[in-house]
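Chain and residue survey
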Amino acid sequence: MTVLEQPGSSRHGSTATGDRPAPPPAWRPRVDPGPLLPDEEPYRVLGTEAAGKVDIALLKRLYEQLVSGRRYNTQATALTRQGRLAVYPSSTGQEACEVAAALVLEERDWLFPSYRDTLAAVARGLDPVQALTLLRGDWHTGYDPHEHRVAPLCTPLATQLPHAVGLAHAARLKGDDVVALAMVGDGGTSEGDFHEALNFAAVWQAPVVFLVQNNGFAISVPLAKQTAAPSLAHKAVGYGMPGRLVDGNDAPALHEVLGEAVARARHGGGPTLVEAVTYRMEAHTNADDATRYRSDAEVEAWRGHDPVALVERELAARDLLTSAYVSATKDAAEEMAGALRERMNADPALDPMDLFAHVYAAPTGQLREQSDLLRAEIEAEGEH
Amino acid sequence: MSTAVAAGGTTATERRPATMAQALTRALRDAMAEDPAVHVMGEDVGRLGGVFRITDGLAEEFGEDRCSDTPLAEAGILGTAVGMAMYGLRPVVEMQFDAFAYPAFEQLVSHVARMRNRTRGALPMPLTIRIPYGGGIGGVEHHSDSSEAYYMATPGLQVLAPATVADAYGMLRAAIASDDPVVFLEPKRLYWSKADWSPEDPAAVAPIGRAEVRRTGSSATLITYGPSLPVCLEAAEAAREEGWDLEVLDLRSLVPFDDETVCASVRRTGRAVVVHESTGFGGPGGEIAARITERCFHHLEAPVLRVAGFDIPYPPPMLERHHLPGVDRVLDAVARLQWESDWTEDGTGRGAGGTEGSGRDGRGA
């Protein structure tokens, strides 16, 4: 039953009664919302018959990226304890979303990550150290966004979503078949920029895919206190775009759903909102105490639905999880982590004069005076 | 042509009376014709041509892809413009009215202003945010704010306010050509001011960050910009009858700020009054007065004074004439500069302000 077929609706001739006014002359529903509505259950592949159809090469690629991503998360978390990172919002438990988001995009596409999506940026090819610059605190963005077409990691919530829409719109105006994929959390869907981005995208039919990682909490606030919508994917229908609900720990399912959305956008079908149902296994960041707002039992229950283990199970079922393959995969991840640890243990090279270098294309007279002051201060320090 | 309000009078063949609105439209048109990357966007800018008709005819001439009506959402307008700039376009965004720009404030402050900086120059933001601003046209609530102080306090933004027809054209062209974001404040009540003006005149192109002396004088400097320029020019004319020879300086650019021109003028006259519609407390005048004091203290014969709007939410239209700084309030401030008083002699700071005595450098002659 779609919204239009709900009993009691006065807007349709068949149910309108004589004492009710007719609909206004210009009014008509623009689209049947039925096709836009998400399924009742998150889409899954692993553990279903569809799992057998997943390409082996893809399955292995997902597995390797998941293992590497998990190791990146544990390594980065360890670096916060050693004082090498100011903060790290771990995506442990959400690696499937991160990996799938990166893998469904072509080289010419753009990724718009939030602050928790370092892993997606790295999976897209970004230097792991440069991807952590924001979180280490030596600069705000440590990479040239054009190099791998990854927008700066965005700290304000949902504000990068309209950027994705604008970029995708501009690309289409120029005749390029570029797609933008923008990532946001469940809390971010409450922000005005989320609403405006989805509305603009649908009106413009911009080639954008919105990926909501619903991990259950916005810091400490649970989803039930965040929204009264049946699901976050349901929000799509109000804007006139399809909403898809997917198991956010099922990497092949994510790859399929996001891949369809990307293809649809690329071929002029407009935007899609994808809600990935997942869970953040760690606290919001290392500065947060998750035991104050959720139970161990809940966390344990999700541990049984781990994104790495789910893929492992499928590989095992197909006799692909050989000990040689597992150890090679883990060795590669360990090597990545070792290199990351080593590079992060070196102090970053900082030039204080950078503070003034990029405020404007050419510094104003005021900034020139201030940079002269700082230079003099630094020189005086050096003399002591 | 240096005055904002000029009579038709004699016109050269290529110079015709034009309004500021027409000059702005022409600037947009010329910029779009020159550079296909320039895109105009905002609520009502397409078929309607903008509520002030500044974008009139652009959608017809360049197509709706390049002059596009957007959904009504200022954060969305500016936020999508950021993404468009990331992809190599030069968006020119219209915010329709000063107070309507506030929903876009987060995009402006958190992204537009600092994108270049946070990416070490990799993502410049060459976009122009046109905001019809200020009062004096009888607008109802939320249609008359002077919001320049908010933008001035945000590093990474350039803040411009033209006051003449020629500058409206030249400064908008410069804003669109700039590789940095520009908040372009269009004084609503000067939209219909006229001047003999030719867009072909190269002198019309105004470099960003340079103030302009609109009237030379030796007694004191009136420092102003945007909608208050005609007020100051009128006040200077009125003051002449009382023997005061006022210099009028049009800042044009609030960020970057032209310390050089301002200080040169104040050192010459020894006295300064800053005039603007924006609130005095926390307003641009405080910053300007401080800069002058820091740089010209030994040349000053009196404190730098401010003539500003009251520190109130912008009043309803039937009361706005009491709020807006007018000629009388400017002249009162000039009188308070007391250069013919015994301020410095008795140290009371309460001089009579009479007409006896000689000022410095023959002022008041």
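Residues numbered from 1 in each chain as written. Chains lettered and ligands numbered in written order. Predicted model: local features only at pLDDT ≥ 70, side-chain atom pairs only at ≥ 80, totals over all residues. Heavy atoms only, no water.

As for helix H7 (residues 165-177) of chain B
Residue pairs three or four apart in sequence face the same way in an α-helix, which turns once every 3.6 residues. All names here are of chain B. The following threshold applies: Numbering goes from the N terminus for both helices and strands, where a helix is a DSSP run of H or I of at least four residues and a strand is a run of E of at least two. To estimate the expected span of a helix, subtract one from its residue number and multiply by 1.5 Å. Three exposure classes are used, based on accessible area relative to the maximum for each residue type with a 1.4 Å probe and protein chains only: buried under 20%, partly exposed in between, and exposed over 50%.
Under the 1.5 Å per step criterion, the end-to-end length of H7 is 19 Å for 13 residues, consistent within 8% with the ideal 18 Å. With respect to burial, H7 is a largely interior element, twelve of its 13 residues being buried. All of the buried residues along H7 are Val165, Ala166, Asp167, Ala168, Tyr169, Gly170, Met171, Leu172, Arg173, Ala174, Ala175 and Ile176.

Comments concerning the sheet that holds strand S2 (residues 38-42) of chain B
Residues and elements named next belong to chain B. Keep this limit in mind: A pair of strands is considered paired only if DSSP assigns at least 2 bridges between the two. To obtain each axis, a line is fitted to C-alpha atoms, and for helices this fit is confined to the stretch in contact; angles are then taken between N-to-C directions over 0 to 180 degrees.
Ordered by their spatial adjacency, seven strands build an open sheet running S3-S2-S4-S5-S7-S6-S12, and the pairing between neighbours is mixed. Sheet topology places strand S3 (67-69) and strand S12 (253-255) at the edges, where each strand pairs with a single neighbour. Averaged over all adjacent pairs, the angle separating strand axes in this sheet is 20 degrees, with direction ignored. Of the strand pairs in this sheet, strand S5 (residues 128-133) and strand S7 (residues 182-187) are connected by six bridges, and their pairing is parallel. Looking at the pairing, Arg130 lines up with Phe184 of S7.

Description of the pattern of salt bridges
To be explicit about the condition: Salt bridge, as used here, is a side-chain nitrogen of Lys or Arg placed within 4 Å of a carboxyl oxygen of Asp or Glu.
Across all of its chains, the model carries 36 salt bridges over all chains by this definition. One salt bridge connects Arg303 of chain A with Glu300 of chain A, and the closest N-O pair in it is separated by 2.9 Å. Here Arg303 of chain A and its partner Glu300 of chain A are both found in helix H10 (residues 296-303), three residues apart, which amounts to about one turn of the helix. Exposure remark for Arg303 of chain A: the relative accessible area of 46% places this residue in the partly exposed category. Assessed through its relative accessible area of 46%, Glu300 of chain A is described here as partly exposed. Ionic pairing is found between Arg130 of chain B and Glu94 of chain B, a salt bridge with its closest N-O pair at 2.9 Å. In this pair, Arg130 of chain B sits in strand S5 while Glu94 of chain B sits in strand S4 (residues 90-94), placing the two residues 36 residues apart along the sequence. Given the relative accessible area of 4%, Glu94 of chain B is considered buried. Linked by salt bridges that have partners in common, Glu369 of chain A together with Asp259, Glu287, Arg291, Glu294 and Arg295 of chain B make up one network.

This is a description of form; function is not addressed.
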